[in-house]
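A look at the structure
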Amino acid sequence: MVKRSQIMPKVKPSKFFAEFDKNDAVRHGLPASSYTSSEFFELEANSLFSTSWTFVGFTHQLANMGDVRPLTVAGKPVFLVRSESNEIHAFHNVCRHRNLKLIDQPRHCDGLITCPYHRWSYDFRGQLRLAPYFGGEKSGLPDGFELADHGLYPIRCEIFHDWIFINMDGEAESFEKYIKPIKRQLTGFKLDEFVPVTTLEFDKISTNWKLLMENFIEPYHVQYVHKTTTSQPLEDHYVVADEHCLGSAVDLTAEQQTGADESTLRVSSRYLTLFPILSWDCINQTNWAFT
Ligand code: FES
Ligand SMILES: [Fe+2]
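Residues numbered from 1 in each chain as written. Chains lettered and ligands numbered in written order. Predicted model: local features only at pLDDT ≥ 70, side-chain atom pairs only at ≥ 80, totals over all residues. Heavy atoms only, no water.

1. Details of the side chain of H237
With respect to the element layout, H237 can be found in strand β11 (residues 237-242). Exposure remark for H237: the relative accessible area of 12% places this residue in the buried category. Of the polar contacts made by the side chain of H237, one reaches the backbone oxygen of P233; its length is 3.0 Å. Those residues in contact with H237, other than ones at most four positions away along the chain, are P219, Q232, S248, A249, V250 and Y271. (Helix = DSSP H or I, 4+ residues; strand = E, 2+ residues; numbered from the N terminus. Buried < 20%, exposed > 50% of the residue type's maximum accessible area, 1.4 Å probe, protein only. Polar contact = N/O pair within 3.5 Å; in protein donor to acceptor, adjacent residues only side chain to side chain. Contact = heavy atoms within 4.5 Å.)

Take a look at the structure:
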């Protein structure tokens, strides 16, 4: 069994976890308040989402140099940008002058990222390039003020094929170590050949992130909820528990595949999560994934 201390090592004691431990809730589920309490979400934001590697988007969403995307991660404003050297960078979405949010929607920036308040302007590597009239005249600067000292605050950012991950506090394990389990589990998938097909956008949904992840790591519901869309018998599923990569998989025989209803999903599949918030449907024969 994966212990809480293994997957949430930095969570500080709180009244929620005192209750969790007192009731031996590892066997009985988290306290109900952990799904509804804003205080608990704040605890997760500071102790989990800020300290771990977190999936934040796809490189294909930033196709061109100067494309920017704002995000909220762990309750904090962040943005991604594709730089001149064709790399994706992440920064705190906060101007170094008076803390205005720099990017409010996905868009393209020509040359520089300019703050709408006093027009401090940053390049795509976060360096401050212009602070107009800051010294009283258009290009002058106050004595002792160096542009180089006032760049945007960077956030650790790593890419795994098309998937972008960031680590807010800069202290998570190496990305290579973090990504290892999913690499192991996706052996055989030609990830370099994946082509993004579409993105499904949902309106705001009132729920908690844990419900989705918990649903994803159990195939128990498949026989009922997906009864008419899949031909993957529950008894053929097996558990995947590879460090922080949890989920299930099913391997179908050739007979099972040819004998199943053609309108159903009737191939071997892997349903994987990478803690904390990434989930993948990986369909073996078609080399297809849904993230
Ligand atoms: S707050 Fe951004 S330039 Fe002043
Ligand atoms: Fe004003």
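2. Re the sheet that holds strand β8 (residues 128-130)
Pairing is antiparallel across the open sheet formed by three strands, whose spatial order is β6-β7-β8. Looking at strand neighbours, the two that pair on one side only are β6 (113-114) and β8, the edges of this open sheet. Relative to β8, strand β7 (residues 121-122) runs antiparallel, the two being bridged by two bridges. Its bridge partner lying in β8, S121 is registered against L130. (Pairing = 2+ DSSP bridges.)

3. So, the sheet that holds strand β9 (residues 154-160)
Taken in spatial order, the seven strands make up an open sheet running β1-β10-β9-β4-β3-β2-β5, and their pairing is antiparallel. Looking at which strands have only one partner, the edges of the open sheet turn out to be β1 (54-58) and β5 (107-108). Direction of pairing for β1 relative to strand β10 (residues 163-167): antiparallel, over a ladder of four bridges. Directly across from T54, in β10, lies its bridge partner I166. Contacts from helix α4 (residues 175-185) reach β9 and β10 within the one sheet, and its direction differs from that of β9 by about 30°. (Axes fitted to C-alpha atoms, helices over the stretch in contact; angles between N-to-C directions.)

4. Section: the packing of aromatic side chains
For the coordinates displayed, the defined rule picks out 16 aromatic pairs. Geometrically, the ring pair formed by F49 and W209 is edge-to-face, given 5.1 Å between the ring centres and 70° between the ring planes. Separated by 160 residues along the polypeptide, F49 in helix α3 (residues 38-49) and W209 in helix α5 (residues 209-216) bring together distant segments of the chain. Accessibility expressed as a relative area gives 7% for F49, which makes it buried. Note on F55 and F58: the rings are 5.3 Å apart at their centroids and 70° apart in plane angle, and the pair reads as edge-to-face. On the basis of relative accessible area, F55 is assigned to the buried category, the value being 17%. Residue classification places F58 among the buried residues on the basis of a relative accessible area of 17%. Clustering of aromatic rings is evident, with ring pairs tying together W53, F55, F58, F165, F175 and Y178. The ring of Y35 is capped by K210, whose NZ or CZ atom sits 5.0 Å from the centre of that ring. (Phe/Tyr/Trp six-rings, centres within 6.5 Å; stacked < 30°, edge-to-face > 60°. Lys NZ or Arg CZ within 6 Å of the ring centre and 35° of its normal.)

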